[in-house]
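# Coordinates in review
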Amino acid sequence: MAAAIETKKLTKTYRSRQLGKINVVNELDLHVEEGEIFGFLGPNGAGKTTTIKMLLGIIYPTHGEGYVLGREIGDMDVHRVISYLPERPYYYEHMTGFELLKFYDSLFGNHDPDKCQRLLERVNLAGDASKTINQYSKGMQQRVGLAQSLLNDPKLLFLDEPTGGLDPIAHREIRDLILSFRDEGRTVFISSHELSEVELICDRVAIIHKGEIARQGRLTELLKGGRIEITLQGIDEGLARKLATGGTLHNLSDGYMLDMPEEEDVNAVVDTVRSAKGSIVSMVPRKKRLEDLFVETVRAATPGAAPKLAAEGGV
Amino acid sequence: MNAIWAIASSTVGEAIRRKVLLVILLIALLLLSIIPALGVLSARSEMSAMISTIFFVIRFTSALIAIILTIYMIPNEIERRTIYTILCKPVQRWQFLLGKYFGAVLALALMMGIMTALSLVMFWFLKHPDASKMAEVAKQPILYLVEMSLLAAIAIFFSTFVAPLVNFFISTGLWLVGTVLNPLYDSFATNPQTAPIMKTMAKLITSILPNFANYDVKNPILHPGVVIQNEASYYLKTVGYGFMYIAILLILGIVVFDRREV
């Protein structure tokens with residue numbers, strides 16, 4: 001499949017009097033395929049927005065290469081087929097939703113009021129088209145933002161925190177819209193902190209930390225390796241320890257809890273417990289979540305981070 | 001051209017809704033409407049006192065509007081991230097800057113037009129002047145508009161790389177210095193005690209700085225003794241000087257803004 005976004009050692013360096021040279025984005029190699037929803041994740045200050053701005057040609061890379069839809073970043077022709085929804089954008093408040101779309105449409109040299117109306121209908125704002133933007137709620141502003149990002153029928157959409165600060169209903173509406181973009185064959189590049197949302201809609205993700213890609217791949221692959229928690233009763237400690245060789249054993253008041261990787265032979269554990277006249281109280285599979293992967297990745301990339309978190313009472 | 005026009009018209013829409021600008025305009029209109037009552041306080045003829053006060057109010061408030069309108073234009077767009085939704089479309093930075101500038105000039109023209117219209121109506125009703133006097137009074141605000149367009153170009157140039165507050169002082173300072181450049185230069189040039197090096201320096205500085213003094217024409221009603229030999233040529237030169245200066249400032253602004261990290 002062709003690459004919608006491809007970067008090779010893309011780097012952005014800022015100079016500061018106090019800190020000297022800082023690589024906000026450092027030799028970033030990113031690969032996003034056409035037609036997929038790609039999640040771009042990272043803690044605050046990891047370099048997500050800087051990367052997006054470089055891909056959009058709003059800021060210039062210090063070195064490295066970047067290609068968007070096969071063209072070098074900054075190529076004005078690409079701007080006809082991409083769109084961007086920034087994090088918490090401000091729109092001209094004096095305009096109505098309809099006027100706002102007409103304004104953005106005119107930036108493409110178009111004048112198509114019918115299209116503006118259709119897009120407002122698509123984002124469920126047709127009834128509020130004549131309200132000014134300052135009368136819109138956060139969710140409505142985000143939806144009108146999505147509508148403006150569809151004006152040019154883009155092949156690639158950059159969405160920066162598209163569901164940030166929205167209520168659950170607005171969350172769901174935006175999520176459904178994003179999923180419909182993929183159904184239409186568009187590529188969606190999402191930068192987000194809402195890991196549960198990303199997990200629900202993204203095909204592939206990249207985790208960026210301190211300007212570098214810490215992990216990148218298909219979600220199904222990255223989230224392999226869940227665990228199973230088995231609660232056991234009526235067996236002695238020696239047997240419990242023997243069973244725990246592939247996992248971790250926790251003492252409970254009336255038994256043991258065995259925490260083991262899902263790829264371990266669970267049937268063998270069950271058979272052994274039964275033959276020892278013990279009983280299995282519960283067996284709970286724990287799927288690996290994106291949040292686990294994210295925390296694990298960021299900690300692994302931050303030497304000394306885990307003990308510090310533990311000392312502060314964190315997970 | 002479409003993009004420049006779209007940005008310019010949205011800028012006008014935003015400018016005419018900015019409360020601070022509307023308050024300044026309202027105060028100006030209030031001042032203009034009470035000018036006839038001030039005539040009795042002046043030792044000069046009532047008509048010349050009225051005209052000079054009208055010109056002063058229009059010029060001063062227009063300068064204030066021009067500066068306040070333009071110093072926030074680019075920084076606000078960056079701070080509110082609106083610029084990203086525009087620059088990710090097929091809009092070049094130079095188009096964005098020109099759109100903002102032309103929008104500011106249109107908004108200025110609108111506000112100055114309202115002030116001028118009120119002044120002319122009042123002048124007509126109170127003094128019943130003949131057509132030539134009306135034309136004399138009507139000409140001055142046109143030059144003021146060129147002057148304010150130049151001031152807006154200065155402010156928008158600096159707004160591409162300095163903070164609004166700093167820009168306010170720079171733009172205001174340049175305008176104030178620019179309004180006294182001619183008398184300043186004359187005092188240096190005609191004083192026999194001035195050292196030649198000082199004269200050269202004065203000439204250099206007055207050539208580089210924008211000369212706003214040229215736009216305050218010695219109106220024949222106010223200064224009957226001052227005669228402009230070739231009025232058409234003077235007006236053309238003054239307007240041409242303004243346009244040339246504006247073009248240079250906009251080109252410099254585009255160069256700076258093009259490389260700026262937003």
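Residues numbered from 1 in each chain as written. Chains lettered and ligands numbered in written order. Predicted model: local features only at pLDDT ≥ 70, side-chain atom pairs only at ≥ 80, totals over all residues. Heavy atoms only, no water.

### Quick notes on the overall build of chain A
When helices and strands are counted, chain A shows 11 helices and 14 strands. Taken over the C-alpha trace, chain A has a radius of gyration of 25 Å; the compact-globule value for 315 residues is 20 Å, which it surpasses by more than 25%. If you line up chain A on its principal axes, its C-alpha atoms span 80 × 50 × 40 Å. Within the span of chain A, comprising 315 residues, buried residues form 49% of the whole. For chain A, restricting intrachain contacts to residue pairs at least 6 apart in sequence, the fraction spanning at least 24 positions comes to 68%. (Helix = DSSP H or I, 4+ residues; strand = E, 2+ residues; numbered from the N terminus. Rg over C-alpha atoms; globule rule 2.2 N^0.38 Å. Buried < 20%, exposed > 50% of the residue type's maximum accessible area, 1.4 Å probe, protein only. Contact = heavy atoms within 4.5 Å.)

### Quick word on empty space enclosed by the protein
Residues and elements named next belong to chain A. By the definition in use, this model includes 1 cavity of 30 Å³ or more. Volume-wise, the largest cavity comes out at about 50 Å³. Lining the largest cavity, in full, are Pro162, Thr163, Arg175, Ile178, Ile190, Ser192, Glu194, Glu197, Val198 and Ile201. Of all the secondary-structure elements, those providing two or more residues to the lining of the largest cavity are helix H5 (168-183) and helix H6 (195-201). Counting residues per element, the lining of the largest cavity draws most heavily on H6, which supplies 3 residues. (1 Å grid on protein atoms, 1.4 Å probe; cavity = no way out; pocket = protein on both sides within 12 Å on 5 of 7 lines; lining within 4 Å. Points joined across faces, edges and corners; volume = space filled by probe spheres on them.)

### So, the packing of aromatic side chains
Scanning the entire structure with this criterion turns up 16 aromatic pairs over all chains. Centroid distance Phe56 of chain B to Phe60 of chain B: 5.9 Å. Interplanar angle 10 degrees. Geometry classified as stacked. Note that Phe56 of chain B and Phe60 of chain B are positioned in helix H3 (residues 46-71) at a spacing of 4 residues, about one turn of the helix. Among the residues examined, Phe60 of chain B registers a relative accessible area of 42% and is labelled partly exposed. Ring-pair connections join several aromatic residues into one group, and the members of that group are Phe38, Phe40, Phe158 and Phe189 of chain A. Sitting over the ring of Phe257 of chain B, Arg93 of chain B keeps its end group 5.6 Å from the ring centre. The ring of Tyr60 of chain A carries the charged tip of Arg259 of chain B above its face, separated from the ring centre by 4.3 Å. (Phe/Tyr/Trp six-rings, centres within 6.5 Å; stacked < 30°, edge-to-face > 60°. Lys NZ or Arg CZ within 6 Å of the ring centre and 35° of its normal.)

### Describing the sheet that holds strand S4 (residues 63-68) of chain A
Residues and elements named next belong to chain A. What the 4 strands build is an open sheet, ordered S2-S1-S4-S5; its pairing is antiparallel. A strand with exactly one partner marks an edge of an open sheet, and here the two such strands are strand S2 (20-33) and strand S5 (71-72). Note that strand S1 (residues 3-16) and S2 share 10 bridges and pair antiparallel. Along S2, the bridge assignment pairs Tyr14 with Ile22. Strands S1, S2 and S4 of the sheet are contacted by helix H1 (residues 48-56), whose axis makes an angle of about 115 degrees with S1. (Pairing = 2+ DSSP bridges. Axes fitted to C-alpha atoms, helices over the stretch in contact; angles between N-to-C directions.)

### Comments concerning a nonpolar patch on the surface
All names here are of chain B. A cluster of nonpolar residues, Val23, Ile27, Leu31 and Ile34, forms a patch on the protein surface that exposes about 330 Å² of accessible area. Mapping Ile27 onto the fold places it in helix H2 (residues 19-38). Judged by relative accessible area, Ile27 falls into the partly exposed class, the value being 45%. (Patch = residues over 30% accessible without salt bridge, like charges linked within 9 Å, V, L, I, M, F, W, Y side chains within 5 Å. Areas by Shrake-Rupley, 256 points an atom, 1.4 Å probe, with all protein chains shown as cover. Salt bridge = Lys/Arg side-chain N within 4 Å of Asp/Glu carboxyl O.)

### Concerning the layout of surface pockets
Residues and elements named next belong to chain A. What the largest pocket holds in volume is close to 330 Å³. Along its surface, the largest pocket is lined by 21 residues, and Gly57, Ile58, Tyr60, Ile73 and Gly74 are the ones closest to its centre. Secondary-structure elements contributing two or more residues to the lining of the largest pocket are H1 and S4. Ranked by residue count, the leading element in the lining of the largest pocket is S4, at 4 residues. A per-class count over the lining of the largest pocket returns 11 nonpolar, 6 polar and 4 charged. (Nonpolar A, V, L, I, M, F, W, Y, C, P; charged D, E, K, R; others polar.)

### As for the pattern of salt bridges
Residues and elements named next belong to chain A. According to the stated counting rule, one finds 27 salt bridges over all chains in the structure shown. A salt bridge links Lys131 to Asp128; its shortest N-O distance comes to 3.0 Å. Owing to a relative accessible area of 17%, Asp128 belongs among the buried residues under this scheme. One salt-bridge network, in which partners are shared between bridges, spans Arg122, Asp153, Glu184 and Arg186.

### Looking at the domain arrangement of chain A
Interface size is often expressed as the accessible area that is lost when the parts come together. Taken domain by domain, chain A comprises domain 1 (3-222) and domain 2 (227-286). The gap between the C-alpha centroids of domain 1 of chain A and domain 2 of chain A is 46 Å. (Domains from an automatic or database assignment.)

### Points about H2 of chain B
All names here are of chain B. With 20 residues, H2 should reach 28 Å at 1.5 Å per residue; the first-to-last C-alpha distance of 28 Å fits that figure. Those residues of H2 that sit buried are Leu21, Ile24, Leu25, Ala28, Leu32 and Ile35. Looking at the buried side of H2, the elements it contacts are helix H1 (2-15), H3 and helix H6 (93-127). (Expected span 1.5 Å × (residues − 1).)

### Here we look at the packing of H6 of chain B against helix H11 (residues 231-259) of chain B
Axis angle and axis distance: for two packed helices, these are the angle between their axes and the distance between the axes, and together they describe the pair. Residues and elements named next belong to chain B. Packing of H6 against H11 brings their axes to within 9 Å, and their N-to-C directions diverge by 135 degrees. Here H11 runs oblique to H6, going by the angle between their axes. Regarding H6 and H11, the two cross each other, and that crossing is right-handed. Across the interface between the two elements, Arg93, Trp94, Phe96, Leu97, Leu98 and Tyr101 of H6 pack against Ile246, Leu250, Gly253, Ile254, Phe257 and Asp258 of H11. (Parallel < 35°, antiparallel > 145°, perpendicular 65-115°, else oblique. Left-handed = near helix turned anticlockwise from the far one by under 90°.)

### Some details on helix H9 (residues 266-275) of chain A
Residues and elements named next belong to chain A. Within H9, the full set of buried residues consists of Val266, Val269, Val270 and Val273. For H9, the arc enclosing every buried residue in end-on projection is 100 degrees, short of the 170-degree limit, so these residues lie on one face. Among the exposed residues of H9, those pointing more than 90 degrees away from its buried face are Asn267, Asp271 and Ser275. Packed against the buried residues of H9 are strand S11 (227-233), helix H8 (237-243), strand S13 (255-261) and strand S14 (279-286). (Arc of directions from axis to C-beta.)

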